[in-house]
Amino acid sequence: MEIFQQLTFLERGIAAGLLIGFISPLIGAFLLVRRMTIISEGLSHVTLTGITAGVLMMQTSAFFAFINPLYTGLLAALAGSLLIEKLRQVYKHFQELAIPIILSAGVGLSAVMISIAETGYTEWYAYLFGSILTVTLNDLLFIFLTGVLSMLIIGFFYKELLSISFDQEFASTSGISVRKINFLFTLLVALVISMSMKVVGILLVGALITLPVAAAILFAKSFRHVLFLGIIFGEAAVLGGIVSSYYLNVATGGMIVVTGIIILIGAAAVKKLLPEGFLSKEETV
Amino acid sequence: MKNSAAPYVLEVKNVSFSYGKQMVLEDINMQVREGSFLGLVGPNGSGKSTFMKLLLGLLKADKGNIELFGSPVQSFRDWSRIGFVSQKANSFNSGFPATVFEVVAMGLYGKIGLFRFLKKEHKKKIKEAIAQVGMEQYMHKNIGRLSGGQQQRVFIARALVSEPELLILDEPTVGVDADSVRNFYDMLKELNDKKNITLILVTHDIGAMSEYVTDVACLNKCLHFHGDKNDFEVNREEMMTAMYGHKVNVIEHNHSHDHHDHSHDHDDLDGVRS
């Protein structure tokens, strides 16, 4: 990983941002068509619990002194995703209940641990709203590894994920093992959320997963189209956010989200102004 | 029966199923031979859909055995030999951003298997399946933009693309307009005649179906009739009374006067009025 070592702090931040801008819409597209985008909010708050636990462990035990809180955040997100699946089974007829339960549990636990930990406001602010300039070499490595792992999972299970998202019953009768793939998908969401944490922060993670695909679906005819446009919009939001925050001297995570919103509004306006069918020309396979 | 020497594609022996205390299916016995076209009819709530789910392994029978191509459904793995077309209405989100090609491709995913990708030969098969249901010119259109009848054709193509030997259709014509229903049945008939695909059509539309099928089974918790269509025609009135609990008149659907009002297809019983 020598390449990473030679990067300046700004370059590290941009590299991390671009990785996240690429992967978030990929996962967002599947969440969107399954009407599950809200799960990203629940999981991001659980990730905060893991991060506060990690920070607390660093302070209280010499053994954990060199732990990166992002890893404990990932563990919490994985645990949270499994709990959500479990709760969905328990409350079969009220599946949306799982998210607020997990979300409030996550925030409650975090609040308690934050009050114990002797950490300044700035560090928490970085986890809440993201801090692209403090992306360390270690963080970038984490983002890179989780990013590669997520891309491998999406690449290898693309057809199964798509078939299940479209029609679960058919997927099952065509011989796809729906339960295993759904389990894998939940882990994937946790992975992507914890990797985005450092750059956009807990409160804004959902935005990068949702906004690019929300803009993409206005034009997309095929699922591949949603992925393609989603990635373009995602990367545009990240780059636009970094550049504008640099010149305006404001929070980068926030500017990334604001850029995402501007892209969404722009996309809606373009859709409205263009004549019907203008963008729905035949797509080649 | 069409061919009494053909092997069984499906065998159901003494199958019972209940949701909690409520018995839904009681002691069902049924055999379906290769190449037959079975119409499985019954009123709403007769357990038809539950029976389908048992056949497809989506539910497990409390009692009895189900065998697909000679192997028990629990251990059956060769799902690409079976195509399934569900009730279109509640099985997909019409805003889903997928083209006809993408949807039909999903029919191959189980067969291709994990860690493998769509190859040229797969794409060729997908295009063939789309052509088979006459939807070539819609290949790259968004599925949500098509009419109910067109969508149902796409779902047939999705089931056909894995080249199944048995095609199971659960109320495929619900929400499909009258003219399309007739074309749809013609297409099924052709698949049965020319490709020798065994068909099981679950429906409450007795009138329209009976022109096309070779065998009929009447289900209402128990199996009231199971056999050749001609035998069914002879005993029809008696069967209907047994199944529905009162006398029913069946309105014939013929090619010559195919402008009945089908707009109530989703109501209780199309073609059967008391």
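Above this text you will find the structure in question.
Along each chain, residues carry numbers from 1 onward, in the same order as the chain's sequence is written. Chains and ligands are labelled sequentially in the order written, the chains with letters from A and the ligands with numbers from 1. For a predicted model such as this one, the threshold for reporting local features is a pLDDT of at least 70, and the threshold for listing and counting side-chain atom pairs is 80 or more; totals across whole chains, interfaces and linings nevertheless cover every residue. Hydrogens are left out, water is left out, and the side-chain values use all remaining heavy atoms of the structure.

Trainee: Any details on the overall build of chain A? Residues and values, ideally.
Mentor: A count of helical and extended segments in chain A gives 12 helices and zero strands. Its C-alpha atoms give chain A principal-axis dimensions of roughly 60 × 50 × 35 Å. The buried label goes to any residue with under 20% of its type's maximum accessible area, the exposed label to any with over 50%, and the partly exposed label to all in between, with areas taken from a 1.4 Å probe on protein chains only. Taken over 285 residues, chain A has a buried fraction of 52%. Here, two residues are considered to be in contact whenever any of their heavy atoms come within 4.5 Å of each other. For chain A, the share of sequence-separated contacts (at least 6 apart) that also reach a separation of at least 24 residues comes to 77%. The charged-residue count follows a simple rule in which Lys and Arg add positive charge and Asp and Glu add negative charge, with His and chain termini not counted at all. Each charge is placed at NZ for Lys, CZ for Arg, CG for Asp and CD for Glu. Measuring between centres, the 15 positive side-chain charges of chain A sit 8 Å from its 15 negative side-chain charges. Helix and strand assignments come from DSSP, with helices taken as H or I runs of at least 4 residues and strands as E runs of at least 2, each series counted from the N terminus.

Trainee: Residue-level account of the sheet that holds strand E8 (residues 198-203) of chain B, with values.
Mentor: Residue and element names in this part refer to chain B. Within the open sheet, the six strands sit side by side as E6-E7-E8-E3-E9-E10. Their pairing is mixed. Strand pairing shows two members of the sheet lacking a second neighbour, strand E6 (82-85) and strand E10 (222-228), which therefore form its edges. Across the sheet, the axes of successive neighbouring strands diverge by a mean angle of 15°, strand direction being ignored. Across four bridges, strand E3 (residues 37-41) lies against strand E9 (residues 215-220) in parallel orientation. Bridging from a neighbouring strand, leucine 40 pairs with alanine 217 of E9. Axis angles are defined between N-to-C directions and span 0 to 180 degrees, where every axis is a line fitted to C-alpha atoms and, for a helix, only to the segment in contact. The sheet strands contacting helix H1 (residues 48-55) are E3, strand E7 (166-170), E8 and E9, and the helix crosses E8 at an angle near 150°. Against the sheet, helix H5 (residues 178-194) engages E3, E7 and E8, with an angle of about 155° to E8. The pairing criterion is simple: DSSP has to find at least two bridges between the two strands.

Trainee: How would you explain a nonpolar patch on the surface if you had to name every residue and give the values?
Mentor: All names here are of chain A. Together, Phe9, Leu10, Leu133, Val243, Tyr246 and Tyr247 line one region of the surface with nonpolar side chains, adding up to about 670 Å² of accessible area. Contributing elements (two or more residues each) for the nonpolar patch: helix H2 (9-33) and helix H11 (223-248). In terms of residues, the nonpolar patch owes the most to one element, H11, which gives three residues. Following the sequence through the fold, valine 243 ends up in helix H11. A patch consists of residues exposed above 30% relative accessible area that lack any salt bridge, with like charges linked at up to 9 Å and nonpolar side chains (Val, Leu, Ile, Met, Phe, Trp, Tyr) linked at up to 5 Å. To be clear on the numbers: accessible area is Shrake-Rupley with a 1.4 Å probe, and residue cover counts the displayed protein chains and nothing else. Any carboxyl oxygen of Asp or Glu that lies within 4 Å of a side-chain nitrogen of Lys or Arg is treated as forming a salt bridge with it.

Trainee: Report on the interface of chain A and chain B, specifying residues and quantitative values.
Mentor: Each side of the interface is counted separately: chain A has 32 residues, and chain B has 35 residues. Buried surface area refers to the total accessible area, computed with a probe of radius 1.4 Å, that the two partners give up upon joining, counted for both partners together. Taken together, the two surfaces of chain A and chain B that pack against each other cover about 3,100 Å², and 64% of this comes from carbon and sulfur. Ranking the residues of chain A by area buried against chain B places Lys159, Phe166 and Phe170 of chain A at the top, with a combined share of 25%. The partner of glutamate 169 of chain A in a salt bridge is lysine 53 of chain B, and the shortest N-O contact between them spans 4.0 Å. Within the residue set of the side of chain A that touches chain B, elements represented by two or more residues are helix H7 (137-166), helix H8 (168-173) and H11 of chain A. Here the element with the most residues in the side of chain A that touches chain B is H7 of chain A; it accounts for 10 residues. Within the side of chain A that touches chain B, the residues separate by chemical class into 14 nonpolar, eight polar and 10 charged. Residues are sorted three ways: Asp, Glu, Lys and Arg are charged, Ala, Val, Leu, Ile, Met, Phe, Trp, Tyr, Cys and Pro are nonpolar, and all the rest, Gly among them, are polar.

Trainee: Break down the environment of glycine 28 of chain A for me, citing the residues and quoting the values.
Mentor: All names here are of chain A. Turning to its location among the elements, glycine 28 is positioned in helix H2. Separated by 202 residues in the primary sequence, glycine 28 and glycine 230 place their C-alpha atoms 8.5 Å from one another. The residues touching glycine 28, leaving out its near neighbours within four places in the chain, are Ile209 and Val213.

Trainee: A description of the packing of helix H4 (residues 148-160) of chain B against H5 of chain B should follow, citing residues and the corresponding values.
Mentor: Residues and elements named next belong to chain B. Across the interface, H4 lies against H5 with an axial gap of 10 Å and an inter-helix angle of 15°. For the element pair H4 / H5, the angle class is roughly parallel. With respect to the hand of their crossing, H4 and H5 are arranged in right-handed fashion. Residue-level inspection shows Gly149, Gln152, Arg153, Ile156 and Leu160 of H4 in contact with H5, the latter providing Ser180, Asn183, Phe184, Met187, Leu188 and Leu191. Relative orientations are named as follows: roughly parallel for angles under 35 degrees, roughly antiparallel for angles over 145 degrees, roughly perpendicular for angles from 65 to 115 degrees, and oblique for any other angle. Helix crossings get a hand from a simple test, with the near helix turned counterclockwise from the far one by less than a right angle marking a left-handed crossing and a clockwise turn marking a right-handed one.

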